[in-house]
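Here's the letter readout for the chains.
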Amino acid sequence: MTGTAKNAHLSRWRCPSNIALIKYWGKRDFQKPINASLSFVLQNSFTETSVELYKDGNQKVEFYFEGNESSFDNRIEKYLNQISERIPWVNKYNFRIHSSNSFPHSAGIASSASSFGALALCLTELDFAHSGKETDSSEFWQNASELARMGSGSACRSVYPGFAIWGKTQLFESCSDDYAIPLSEGIHPVFFGLCDAILLVDSGKKEVSSSAGHQSMNEHIYQRSRVAQACLNINELYLALLTGDQEKFITIVENEALSLHAMMMTSNPSFMLLKPKSLELISRIRRFREKSKIPMSFTIDAGPNIHLLYFQESELDVKAFIERELLGFCENGKWIDDQIGKGPENRGR
Ligand code: PMV
């Protein structure tokens with residue numbers, strides 16, 4: 001996680017995706033969360049983005065996704081417009097942005113966290129180069145996290161290695177709704193060996209956008225209880241991470257995943273993103289855990305895919321279980337073999 005700002009016109013970063021253990025669901029103001037969330041970054045699921053600035057008459061933004069020019073629903077233009085209040089030079093340049101993902105576009109994996117994470121890191125590096133500031137500072141990561149948040153809330157947790165917390169909590173004074181902070185000190189070593197097998201159930205387009213999902217929490221009858229639950233869960237999970245309590249980790253992580261989907265099912269309008277195969281995978285994971293006593297749990301994003309979380313020491317047994325019992329429920333037998341990651345990487349120029 002290093003970088004020095006030399007060239008004020010070009011920046012290239014690789015930024016990982018992250019998976020939340022305590023879920024962010026519901027926002028207030030501009031991209032601020034109604035509850036704090038806690039996640040870890042992945043190692044093999046990332047976006048690589050380069051941003052090139054040039055001046056040439058009319059202001060424009062060229063965006064290439066995996067080599068092809070794409071409008072990305074003008075989301076990048078809107079984003080650049082929004083952040084120009086913080087970084088005024090954004091209005092003075094043309095942008096040529098190239099972006100690609102390590103995971104297949106059609107896998108049904110949300111890429112907004114890694115995409116906005118990578119873009120925010122590039123913009124922060126360029127900004128620091130403009131003002132002659134060194135990038136090797138906590139201010140750099142904090143700024144990058146805040147810029148990422150403005151693109152997609154969960155992206156603010158992607159700019160650090162390992163675990164991160166976003167949102168005010170009683171745990172640390174340094175926690176903020178504006179940016180995430182890294183969570184590395186005191187974590188029990190067992191959690192450095194956390195693995196994530198992403199079981200791909202359905203690659204179809206999501207039934208509901210995440211912004212519509214967050215909005216559904218505004219008038220949700222369970223909003224207050226959900227915020228209280230997330231607050232208790234984050235405290236308990238942090239304790240489990242410190243003490244290496246795998247059992248508690250499992251209980252909280254599953255409770256969070258199912259609560260997220262319970263919020264979706266009980267909102268008005270209601271939506272259901274889990275598929276019959278997602279439920280089958282969950283019950284098989286629970287049955288195997290019961291029988292084998294191997295510590296493992298599942299978590300779920302806003303989609304039907306199941307993230308099977310387990311620990312390095314049981315890798316062989318779990319992979320054999322996946323092949324034997326789970327792949328039949330994955331779309332075309334596909335899954336992604338991932339693990340807790342080392343964070344973003346400056347890819348030079
Ligand atoms: O960052 P968004 O707006 O795409 O929201 C992500 C929400 C969840 O993935 C469901 C939970 C989370 O904390 O990442």
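Note that this is a predicted model, so its numbers are computed, not measured. (Residues numbered from 1 in each chain as written. Predicted model: local features only at pLDDT ≥ 70, side-chain atom pairs only at ≥ 80, totals over all residues. Heavy atoms only, no water.)

What follows is about the pattern of salt bridges. Counted according to the given criterion, the structure contains 21 salt bridges. Across the pair arginine 324 and glutamate 325 runs a salt bridge whose closest N-O atoms are separated by 3.8 Å. As a salt-bridge pair, glutamate 345 and arginine 347 come within 2.8 Å of each other at their nearest N and O atoms. (Salt bridge = Lys/Arg side-chain N within 4 Å of Asp/Glu carboxyl O.)

Turning our attention to the packing of helix 5 (residues 223-243) against helix 6 (residues 246-265). Where helix 5 meets helix 6, the closest approach of the two axes is 9 Å, and the angle between their N-to-C directions is 155°. With respect to their mutual orientation, helix 5 and helix 6 come out roughly antiparallel. Remark: the crossing between helix 5 and helix 6 carries left-handed chirality. Between helix 5, through Arg226, Gln229, Ala230, Asn233, Glu236, Leu237, Leu239, Ala240 and Leu241, and helix 6, the contact on the second element is made entirely by Lys248, Phe249, Ile252, Val253, Asn255, Glu256, Ser259 and Met263. For the contact of helix 5 with helix 6, the per-class residue count stands at nine nonpolar, four polar and four charged. (Axes fitted to C-alpha atoms, helices over the stretch in contact; angles between N-to-C directions. Helix = DSSP H or I, 4+ residues; strand = E, 2+ residues; numbered from the N terminus. Parallel < 35°, antiparallel > 145°, perpendicular 65-115°, else oblique. Left-handed = near helix turned anticlockwise from the far one by under 90°. Contact = heavy atoms within 4.5 Å. Nonpolar A, V, L, I, M, F, W, Y, C, P; charged D, E, K, R; others polar.)

In a regular helix each residue adds 1.5 Å, so 17 residues correspond to 24 Å; helix 7 (residues 276-292) covers 24 Å between its end C-alpha atoms and thus fits that length. Of all the residues in helix 7, the buried ones are Ser278, Leu281, Ile282, Arg284, Ile285, Phe288 and Arg289. For helix 7, the angular spread of the buried residues around the axis is 165°, confining them to a single face. Every exposed residue of helix 7 that faces more than 90 degrees away from the buried side is listed here: Pro276, Arg287, Glu290 and Lys291. The elements touched by buried residues of helix 7 are strand 10 (194-199), helix 6, strand 11 (296-299), strand 12 (306-311) and helix 8 (315-326). (Expected span 1.5 Å × (residues − 1). Buried < 20%, exposed > 50% of the residue type's maximum accessible area, 1.4 Å probe, protein only. Arc of directions from axis to C-beta.)

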